[in-house]
Amino acid sequence: LLKTCSLHGISTFSFQTWLSQARQSKDYALPNSSWSQGMMDLYSRFLEMCKDGTWKRIPSYSNSIDHIPGKAFWCVCKERKETRLFPRNMDTEGVGFEYAMFLNPSEKRMVCLFQPGPYLEGHPGFAHGGSTATIIDSTIGGCAIFVAGRVMTANLSINYRNPIPLGSVVLVDSKVDQVEGRKVFLSCQVRSIDGQTLHAEATALFIRLDSTKSLQQQMSSQ
Ligand SMILES: CCCCC/C=C\C/C=C\C/C=C\C/C=C\CCCC(=O)SCCNC(=O)CCNC(=O)[C@H](O)C(C)(C)COP(=O)(O)OP(=O)(O)OC[C@H]1O[C@@H](n2cnc3c(N)ncnc32)[C@H](O)[C@@H]1OP(=O)(O)O
């Protein structure tokens with residue numbers, strides 16, 4: 001993680017500093033009692049693949065700033081307590097977005113194990129398409145961030161193929177297809193655990209933000 005971030009000039013802070021800051025925040029990507037057996041099995045499978053370094057488990061905090069090494073650098077500490085990363089906006093376990101991400105840096109690939117809870121309902125019994133879009137955007141976005149640094153979604157195109165039952169577990173599998181200057185093109189598939197059902201597929205364009213400006217400067221100038 002440090003190597004990736006350093007490559008993009010995100011941080012001059014030490015990995016230890018970032019780790020100690022991150023440790024103060026709750027990591028929501030760890031198993032909790034709402035996770036189904038299917039979610040636990042898939043999580044264990046990916047954790048196993050982390051042992052040789054091929055995959056990396058990505059921690060997840062309720063505030064986006066906590067993901068950034070040297071977060072204090074952006075001096076947004078006052079506002080940060082009042083905001084939450086959208087998919088981490090619920091306090092009760094299991095009712096909303098339950099998910100954990102794993103990164104494969106050499107394949108430029110990010111997967112997300114996703115268990116949609118009952119508060120994400122659209123059609124009765126099924127996940128709202130907006131929640132599917134959110135988890136796709138977050139997974140693809142996480143992938144783009146780790147590959148290209150600071151980016152924003154410019155375009156996200158989704159084909160919904162089969163509805164996702166609430167409480168089921170799906171695998172959101174994204175990868176970077178191409179980088180052209182500031183443009184990062186990615187694609188994604190959402191499948192059932194057994195791979196037999198394609199729930200959704202997506203393509204996305206992310207634009208790398210001007211690296212000479214801080215994230216905060218770019219946000220405030222728009
Ligand atoms: C949330 C951060 C969390 C950080 C956590 C980090 C790690 C955690 C790990 C796990 C994941 C956790 C979180 C997931 C992360 C993110 C998910 C959320 C992401 C979002 O939810 S994000 C909100 C929605 N997003 C917006 O709110 C963007 C609004 N927008 C703009 O802010 C500008 O629009 C911008 C900046 C996109 C570009 O503006 P700009 O001025 O920098 O660049 P410009 O316009 O010059 O475009 C340069 C070249 O791209 C082409 N181009 C531009 N747009 C295009 C389009 N739509 N289609 C086709 N081509 C396009 C141009 O045509 C030109 O091409 P050319 O150079 O060839 O002429």
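Just so it is clear, the structure is predicted and the values come from calculations on it, not from any experiment.

*Asks:* Would you mind going over the overall build of the protein chain with me for this structure?
*Replies:* A count of helices and strands for the protein chain gives 6 helices and 7 strands. The buried share of the protein chain, reckoned over its 222 residues, is 45%. Nonlocal contacts in the protein chain, meaning residues at least 24 apart in sequence, comprise 65% of its contacts between residues at least 6 apart. In the form shown here, the protein chain has an accessible surface area of approximately 11500 Å², with 54% of it arising from carbon and sulfur atoms.

*Asks:* I would appreciate a short explanation of the sheet that holds strand β2 (residues 97-104) in the present structure.
*Replies:* Hydrogen bonds along the backbone pair up the strands of a sheet, which may run parallel or antiparallel. Sheet architecture is open: 7 strands sit in the order β1-β2-β3-β5-β6-β7-β4, paired in antiparallel fashion. Of all strands in the sheet, those bounded by a partner on one side alone are β1 (56-58) and β4 (151-160). Averaged over all adjacent pairs, the angle separating strand axes in this sheet is 25°, with direction ignored. Pairing between β4 and strand β7 (residues 198-208): 9 bridges, direction antiparallel. Each residue of the ladder has a partner; that of S157, found in β7, is T203. Running at roughly 135° to β4, helix α5 (residues 129-148) makes contact with β1, β2, β3 (109-116), β4, β5 (170-180), β6 (183-192) and β7 of the sheet.

*Asks:* What's the story with the packing of aromatic side chains in this structure? I'm lost.
*Replies:* Any two aromatic rings considered together are summarised by their centre-to-centre distance and by the angle between their planes. Scanning the entire structure with this criterion turns up 6 aromatic pairs. Relative to F102, the ring of F46 has its centre 5.3 Å away and its plane inclined at 25°; by these criteria the two rings are stacked. One end of the pair, F46, is in helix α3 (residues 37-49); the other, F102, is in strand β2, with 56 residues separating them in the sequence. We classify F46 as buried; its relative accessible area is 5%. Of the residues examined, F102 reaches a relative accessible area of 0% and is grouped as buried. When the ring of F86 is compared with that of F97, the centres are 6.1 Å apart and the planes differ by 65°; the resulting orientation is edge-to-face. Of the two residues, F86 is situated in the loop between α4 (77-80) and β2 and F97 in strand β2; the sequence distance between them amounts to 11 residues.

*Asks:* Help me out: how do you make sense of the site of the ligand in this one?
*Replies:* Within the structure, the ligand sits among 18 residues, and D137, T153, A154, R182 and K183 are positioned closest to it. For the ligand, a nitrogen atom lies 2.9 Å from a polar atom in the backbone of T153. A distance of 3.1 Å separates a nitrogen atom of the ligand from a polar backbone atom of A154. Protein contacts shield 53% of the accessible area of the ligand, which totals 1400 Å² for the unbound molecule. Sorting the residues of the shell around the ligand by element identifies α5, β4 and β7 as the ones contributing at least two each. It is α5 that contributes the most residues to the shell around the ligand, 5 residues altogether. A per-class count over the shell around the ligand returns 9 nonpolar, 6 polar and 3 charged.

*Asks:* Is there a simple way to explain the side chain of S192 in this structure?
*Replies:* Relative to the elements of secondary structure, S192 occurs in strand β6. Judged by its relative accessible area of 14%, S192 falls in the buried class. Among the polar contacts made by the side chain of S192, one reaches the side chain of D194 at a distance of 2.7 Å. For S192, the contacting residues outside a window of four places in its chain are V169, V170, T197 and H199.

Criteria and thresholds
Residues numbered from 1 in each chain as written. Predicted model: local features only at pLDDT ≥ 70, side-chain atom pairs only at ≥ 80, totals over all residues. Heavy atoms only, no water. Helix = DSSP H or I, 4+ residues; strand = E, 2+ residues; numbered from the N terminus. Buried < 20%, exposed > 50% of the residue type's maximum accessible area, 1.4 Å probe, protein only. Contact = heavy atoms within 4.5 Å. Areas by Shrake-Rupley, 256 points an atom, 1.4 Å probe, with all protein chains shown as cover. Pairing = 2+ DSSP bridges. Axes fitted to C-alpha atoms, helices over the stretch in contact; angles between N-to-C directions. Phe/Tyr/Trp six-rings, centres within 6.5 Å; stacked < 30°, edge-to-face > 60°. Near = heavy atom within 4 Å. Polar contact = N/O pair within 3.5 Å; in protein donor to acceptor, adjacent residues only side chain to side chain. Nonpolar A, V, L, I, M, F, W, Y, C, P; charged D, E, K, R; others polar.

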